[in-house]
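# Remarks on the overall topology
Here are the chains, one letter per residue:
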Amino acid sequence: MRPGPRAADVTSRCRLCGKQAAHYLNHAKMHLCENCFIKYYERKVYKSILKHNMLRGSRKVAVAFSGGKDSLALVKALHKILMEKFPEVELEVVHIDLGIPGYSEESRDLVEKICDNLNVKCHVYDLSAEKGYVIPDFQATPFRRRICGACGTIKRYLMNKIAYKIGADKLATGHNLDDVVEVLFELYLRGSVEEMVRIRPVSWSTHTKLVTKIKPLIELTEKENLYYVLSHKLPILSAKCPLSKNSRALKRKKLMNMIEAEIPGFKHTFYKSHLKRIMPHLRDSIREPTLIECKSCGMPSLSETCSYCKLISKLQKSQITHISNE
Ligand code: AMP
Ligand code: FES
Ligand code: ZN
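To keep things clear, this report deals only with the structure shown in the data block. (Residues numbered from 1 in each chain as written. Chains lettered and ligands numbered in written order. Predicted model: local features only at pLDDT ≥ 70, side-chain atom pairs only at ≥ 80, totals over all residues. Heavy atoms only, no water.)

### Things to note about the coordination of the zinc ion (ligand 3)
- Donor atoms from the polypeptide that bind the zinc ion (ligand 3) are Cys294 (SG), Cys297 (SG), Cys306 (SG) and Cys309 (SG), placed at 2.2 to 2.4 Å.
- What makes Cys294 buried here is its relative accessible area of 4%.
- Using a relative accessible area of 24% as the deciding quantity, one classes Cys297 as partly exposed. (Donors = N, O, S within 2.8 Å, 3.2 Å for Na, K, Ca; no water. Buried < 20%, exposed > 50% of the residue type's maximum accessible area, 1.4 Å probe, protein only.)

Below, the structure is given as structure tokens:
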């Protein structure tokens, strides 16, 4: 477990209580001590939940917990907010063990430990045991250059399926401002308006087997999530996914951070103007696609066969070719 960066020095004082500051928030130009930071952070999550009606009609929220700092902050904050403000709503955790050596074991251990400490029910889905393949298997296929994309398709599919199976009406993910801005940047560059419309705080269900997705951390940065985890003295994963080291998404995040360093508040402005100024026009002009059931797995799909089943069938075919070529 490694300690994270602290941006405040010993002489800085908390803007709210005057005690010694622990964290500095660039975009808000504000120093805060650990206690005031925790309150600030939880208030922001709570406000996002209320503003976007994220828990409308909820009975059970499934939290997708990878073990990383973002979903760790989400589990911790949401657990507290539900207990205090929505005691009728249950929280359960979903974790997918992707079978990535040197990464998945540590992630899974951390998830189980945190759930144990919080006394939260934890559904661990072991890809290897359940499906007989693991993410590194894609390295021997034409998907090796787009392994993160393949992994994303698998995670999205399984997270929804597990949330649906455990009877959750909401699926919360740790997607944050950095994730959203990085994706929006790419979609603006490509002019992919159909995909842009899907980047939103809540994606309401349009099919009985599709669980509504919520992003309670959408207005918080990765740095704020890290500060929240550190303020609570929670453990931080030392392992990083070895397969996504040089991913394009990481490169774009670096670029967004360079812009933010020059123009503090850039990420917030980008996201907010997208949501307020662009989204209303997109919503009017782009229709929500109609979902049907995949003929092979029965889960919601845009076409006869869902993207998950298509991907797995390609993996199986390439494994057969691989074996028969040996
Ligand atoms: P990523 O796509 O890896 O940036 O992850 C985005 C979000 O998806 C995380 O904040 C988690 O909420 C969820 N997630 C990612 N990987 C897993 C996993 N292995 N198990 C459960 N949830 C995950
Ligand atoms: Fe999916 Fe790294 S977690 S490729
Ligand atoms: Zn399918």
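### Quick look at the packing of aromatic side chains
- One pass over the full model with this rule turns up 10 aromatic pairs.
- Taken together, the ring pairs connect Phe37, Tyr40, Tyr41, Tyr227 and Tyr228 into an aromatic cluster.
- Over the face of the ring belonging to Trp204 we find Arg56, whose NZ or CZ atom lies 4.1 Å from the ring centre.
- A cation sits over an aromatic face here: Lys85 above Tyr46, 4.9 Å from the ring centre. (Phe/Tyr/Trp six-rings, centres within 6.5 Å; stacked < 30°, edge-to-face > 60°. Lys NZ or Arg CZ within 6 Å of the ring centre and 35° of its normal.)

### A closer look at the sheet that holds strand S8 (residues 212-214)
- Strand order in the open sheet made by the six strands is S5-S4-S3-S6-S8-S7, with mixed pairing throughout. Two strands bound the open sheet, and with one partner strand each, they are strand S5 (121-126) and strand S7 (202-203).
- As defined by bridge partners, strand S3 (residues 60-64) adjoins strand S4 (residues 90-97) across five bridges and the pair is classed as parallel. What sits directly across from Val61, in S4, is Leu91.
- Each of S4 and S5 touches helix H3 (residues 104-118); the most contacted strand, S4, lies at about 165 degrees to it. (Pairing = 2+ DSSP bridges. Helix = DSSP H or I, 4+ residues; strand = E, 2+ residues; numbered from the N terminus. Contact = heavy atoms within 4.5 Å. Axes fitted to C-alpha atoms, helices over the stretch in contact; angles between N-to-C directions.)

### Some words on the site of ligand 1
- Around ligand 1 lies a shell of 13 residues, among which Ala64, Ile96, Lys155, Gly174 and His175 are the nearest.
- Ala64 places a polar main-chain atom, nitrogen or oxygen, 2.6 Å from an oxygen atom of ligand 1.
- In the model, an oxygen atom of ligand 1 is placed 3.1 Å from a nitrogen or oxygen of the Lys155 side chain.
- When ligand 1 sits alone it has 480 Å² of accessible area, and the protein chains cover 77% of it.
- Sorting the residues of the shell around ligand 1 by element identifies S4 and helix H5 (147-165) as the ones contributing at least two each.
- It is S4 that provides the largest number of residues to the shell around ligand 1, a total of three residues. (Near = heavy atom within 4 Å. Polar contact = N/O pair within 3.5 Å; in protein donor to acceptor, adjacent residues only side chain to side chain. Areas by Shrake-Rupley, 256 points an atom, 1.4 Å probe, with all protein chains shown as cover.)

### Some remarks on the environment of Lys155
- Checked against the element boundaries, Lys155 lands in helix H5.
- A C-alpha to C-alpha distance of 9.6 Å links Lys155 and Ala64, two positions 91 residues apart in sequence.
- Setting aside residues up to four positions removed in sequence, Lys155 forms contacts with Ile96 and Leu98.

### Quick word on the nonpolar core
- One finds Tyr41, Val63, Phe65, Leu78, Val93, Phe138 and Ile154 to be the most contacted residues of the largest nonpolar core, which totals 84 residues.
- Beyond its immediate stretch of four places on either side in the chain, Val93 contacts Val63, Phe65, Val75, Val111, Cys115, Val120, Lys121, Cys122 and His123.
- Formed by 17 residues, the second largest nonpolar core is a distinct cluster that contains Ile199, Ile218, Met256 and Leu275. (Core = buried A, V, L, I, M, F, W, Y, C linked by side-chain atoms within 4.5 Å.)

### Let's talk about the layout of surface pockets
- In this structure, the second largest pocket occupies an estimated 360 Å³ of space.
- In terms of lining, the second largest pocket is formed by 17 residues, of which the most central are Val197, Arg200, Met279, Arg283 and Glu288.
- Broken down by secondary-structure element, the contributors of at least two residues to the lining of the second largest pocket are S7 and helix H10 (266-285). (1 Å grid on protein atoms, 1.4 Å probe; cavity = no way out; pocket = protein on both sides within 12 Å on 5 of 7 lines; lining within 4 Å. Points joined across faces, edges and corners; volume = space filled by probe spheres on them.)

### Thoughts on the packing of helix H2 (residues 69-85) against H3
- Where H2 meets H3, the closest approach of the two axes is 11 Å, and the angle between their N-to-C directions is 10 degrees. By the angle between their axes, H2 is roughly parallel relative to H3. On the side of H2, the interface is formed by Leu72, Val75, Lys76 and His79, while H3 contributes Leu110, Ile114 and Leu118.
- Among the residues making up the contact of H2 with H3, the classes are represented as five nonpolar, one polar and one charged. (Parallel < 35°, antiparallel > 145°, perpendicular 65-115°, else oblique. Nonpolar A, V, L, I, M, F, W, Y, C, P; charged D, E, K, R; others polar.)

### Describing unusual backbone geometry
- Of note in the backbone geometry, Asn119 takes a positive phi value of approximately 60 degrees without being a glycine.
- Considering the arrangement of structural elements, one finds Asn119 in the loop between H3 and S5.
- One non-glycine residue with positive phi stands out, namely Lys233, at about 55 degrees.
- Given the relative accessible area of 61%, Lys233 is considered exposed.

### Here we look at the pairing of S4
- S4 sits mainly inside the fold: seven of its eight residues count as buried.
- Once you follow S3 into H2 and on to S4, the crossover reads as right-handed.
- Pairing between S4 and S5: six bridges, direction parallel. Following the sheet pairing, His95 is matched in S5 by Val124. (Right-handed = clockwise from strand over helix to strand, strands pointing away.)

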